[in-house]
Amino acid sequence: MSNPLEKPQQKSEITTTTLAFFALILAVVSLSMAGLFIRLSQREIGSIAIAFNRLWIATLAFGLLNGINSISTYPENSKSQKQKTYTLGRIGLLLSAATVASVSLLMWNWSLAQTNVANATLMRNFNAMFTPLLGWILFGQRYDRKFLIGMVVAIAGIITIGLEDVKISLSHLQGDIEALMSALGISVFLLIVEQLRSRFSTTTIMLWRCGIGTLLILPIFLLTQDGYFPYSVIGWLAVIAQAIVCQCLGQGLLVYSLKRLSSGFISLVVPLEVVFATMAAWFVFSEKISVFNWFGFAVVLLGIYLAKSSLSTLKPMEKN
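Quick notes on the rules
Residues numbered from 1 in each chain as written. Predicted model: local features only at pLDDT ≥ 70, side-chain atom pairs only at ≥ 80, totals over all residues. Heavy atoms only, no water. Helix = DSSP H or I, 4+ residues; strand = E, 2+ residues; numbered from the N terminus. Buried < 20%, exposed > 50% of the residue type's maximum accessible area, 1.4 Å probe, protein only. Contact = heavy atoms within 4.5 Å. Polar contact = N/O pair within 3.5 Å; in protein donor to acceptor, adjacent residues only side chain to side chain. Phe/Tyr/Trp six-rings, centres within 6.5 Å; stacked < 30°, edge-to-face > 60°. Lys NZ or Arg CZ within 6 Å of the ring centre and 35° of its normal. Axes fitted to C-alpha atoms, helices over the stretch in contact; angles between N-to-C directions. Parallel < 35°, antiparallel > 145°, perpendicular 65-115°, else oblique. Left-handed = near helix turned anticlockwise from the far one by under 90°. Nonpolar A, V, L, I, M, F, W, Y, C, P; charged D, E, K, R; others polar. Core = buried A, V, L, I, M, F, W, Y, C linked by side-chain atoms within 4.5 Å. Patch = residues over 30% accessible without salt bridge, like charges linked within 9 Å, V, L, I, M, F, W, Y side chains within 5 Å. Areas by Shrake-Rupley, 256 points an atom, 1.4 Å probe, with all protein chains shown as cover. Salt bridge = Lys/Arg side-chain N within 4 Å of Asp/Glu carboxyl O.

1. Looking at the environment of Ser41
Thought 1: Note that Ser41 resides in helix α2 (residues 34–41).
Thought 2: Residue classification places Ser41 among the buried residues on the basis of a relative accessible area of 2%.
Thought 3: Separated by 189 residues in the primary sequence, Ser41 and Pro230 place their C-alpha atoms 7.4 Å from one another.
Thought 4: Once residues lying within four places of it in the same chain are set aside, the contact partners of Ser41 are Ile50, Ala238, Val239 and Gln242.
Thought 5: A polar contact of 3.0 Å, which involves the side chain of Ser41, links it to the side chain of Gln242.

Below you can see the structure in the form of C-alpha cells.
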C-alpha cells in the first residue's frame, strides 16, 4: 500500500532539484559577465582595487539581505536558531571558506599578469577535476561510473576549448601554476560550503565570505594600488555590476545550489562560464568563435549531460 505522503514529498524533491539546477545555470551566466565588467573597470583602477571594491559592495548587500531575512523569519526562529548556532568548528569553516576564496581570487588576478588569458582560463577550469578528487580524499565522497565518465568527457571539452590558444612556455610557468592554485582554491571553497549549507543560509555564508574577504584584501589594496576607486560614472557602474551581478547573484546562487546539488557536479557546470563569456564577447565585442571552440562547447555539454543522469549529482533531501 502506497504512502499518501510519498507523492507530495516526491513533488517537493523535484521542485527543489529544478530550482537548484535553474539557480546553478543562472549563477554561471552571471559569473560569465565578470570579464566584460572587469574590462570596463580596468580603464580606471587595477585588479586588486577591482576585487576590493567588488567585495565591500557585496558585503553591504549581503548584510542588508541577511538583516531583512532575520527580521522576516523572526517568529519562526526556533529551528533556524538551532541550525545557525556558531560553534567553534563552524566558525572555523566559515573563516576557511572566506580565506580560501579570497586567496583564489588573488591568485587568479596575479596569474593574468604572468601568463596569457587562454592558459589561465584552462588551468582555472581544472577545478572540475580537483573538486571530485578532493571530495573523495577529504570527505570520502563516492561517484558512480556515469558521473566519472561525464567528468572525463567534460574535462576533455574544457581542454579542447583552451587548446587552440594555449602557449607552452617557461615564461608562463609561474602564471600557469598560480591559475592552478586558483582552481584548487575554488574546489576547496565549494567543498567547505557544501558542509556549511545544511547549517547556514546562503546570505549568511556569503556575508562571511565577502566580509572576511574584504578585510583580507584591504592591506594589499592599500599597499599596492595607486587608484583606489573609479572616477567616472561608467567606472562605478562596472564595479557595482561586478558586486551585484557576479558576486551577489553569481556566487550567491552557486552557494544556494549546493543545498541540493553535489559540489562535484557543480564543478563540472562552472566551466560553462567560459562558453557564456565567449558568446558575450562575440555579441558585444564581435570577437570570433572558431569551429574548434564550438566543438569544445558541445563536448563540455555532453559531459555535463552524462554527469547529470548520475546519482552522484544530487544530495539527499534533509528530513524536517
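2. Remarks on the packing of aromatic side chains
The geometry of two aromatic rings is summed up by the distance between their centres and the angle between their planes.
Thought 1: Overall, the coordinates contain 9 aromatic pairs when judged by the stated rule.
Thought 2: A centroid spacing of 4.9 Å and a plane angle of 45 degrees characterise the contact between Phe221 and Tyr228, whose relative ring orientation is tilted.
Thought 3: The exposure class assigned to Tyr228 is partly exposed, which follows from its relative accessible area of 32%.
Thought 4: Here the aromatic rings of Trp294 and Phe297 are separated by 5.6 Å at their centres, their planes lie at 80 degrees, and the arrangement is edge-to-face. Here the residue Trp294 and the residue Phe297 both occupy positions in helix α14 (residues 291–308), the gap between them amounting to 3 residues, near one helical turn.
Thought 5: Under the relative-accessibility criterion, Trp294 is labelled partly exposed at 42%.
Thought 6: Ring-pair connections join several aromatic residues into one group, and the members of that group are Phe52, Phe221, Tyr228, Phe229 and Trp236.
Thought 7: Over the ring of Phe21 we find Lys308; its NZ or CZ atom is 4.7 Å from the centre of that ring.

3. As for the packing of α2 against helix α11 (residues 233–257)
Thought 1: Contact pair α2 / α11: the axes reach a minimum separation of 8 Å and the direction vectors enclose 160 degrees. Taken together, the axes of α2 and α11 are roughly antiparallel relative to one another. The handedness of the crossing between α2 and α11 comes out as left-handed. Of the residues in α11, those in contact with Ala34, Phe37, Ile38, Leu40 and Ser41 of α2 are Ala238, Val239, Ala241, Gln242, Val245 and Cys246.
Thought 2: Looking at side-chain class alone, the contact of α2 with α11 contains 9 nonpolar, 2 polar and no charged residues.

4. Concerning the nonpolar core
Thought 1: Leu24, Ile217, Leu254, Phe265 and Ile266 are the most contacted members of the largest nonpolar core, which totals 72 residues.
Thought 2: At 10 residues, helix α3 (residues 47–72) tops the list of elements feeding residues into this core.
Thought 3: The residues contacting Leu24, other than those within four sequence positions of it, are Leu254, Ser257, Leu261, Phe265, Ile266 and Val269.

5. Overview of a nonpolar patch on the surface
Thought 1: Taken together, the side chains of Phe22, Ile25, Leu26, Val29 and Leu249 define a hydrophobic patch exposed on the protein surface, amounting to about 410 Å² of accessible area.
Thought 2: Looking at the nonpolar patch, the element that brings in the most residues is helix α1 (residues 6–32), giving 4 residues.

6. With respect to the environment of Ile289
Thought 1: Along the chain, Ile289 turns up in the loop between α13 (272–285) and α14.
Thought 2: In this structure Ile289 comes out as buried when scored by relative accessible area, which is 15%.
Thought 3: Separated by 10 residues in sequence, Ile289 and Met279 place their C-alpha atoms 7.9 Å apart.
Thought 4: Excluding residues that lie within four positions of it along the chain, Ile289 makes contacts with Thr278, Met279, Trp282, Trp294 and Phe297.

7. Focus: the packing of α3 against α11
Thought 1: Relative to each other, α3 and α11 sit at 60 degrees, their axes nearing to 8 Å. The angle between α3 and α11 falls in the class oblique. The element α3 and its partner α11 pack so that their crossing is right-handed. Listed contacts from α11 to Ile50, Asn53, Arg54, Leu55, Trp56, Ile57, Ala58, Ala61 and Phe62 of α3 are Trp236, Val239, Ile240, Gln242, Ala243, Ile244, Cys246, Gln247, Cys248, Gln251 and Gly252.
Thought 2: In terms of residue class, the contact of α3 with α11 is built from 14 nonpolar, 5 polar and 1 charged.

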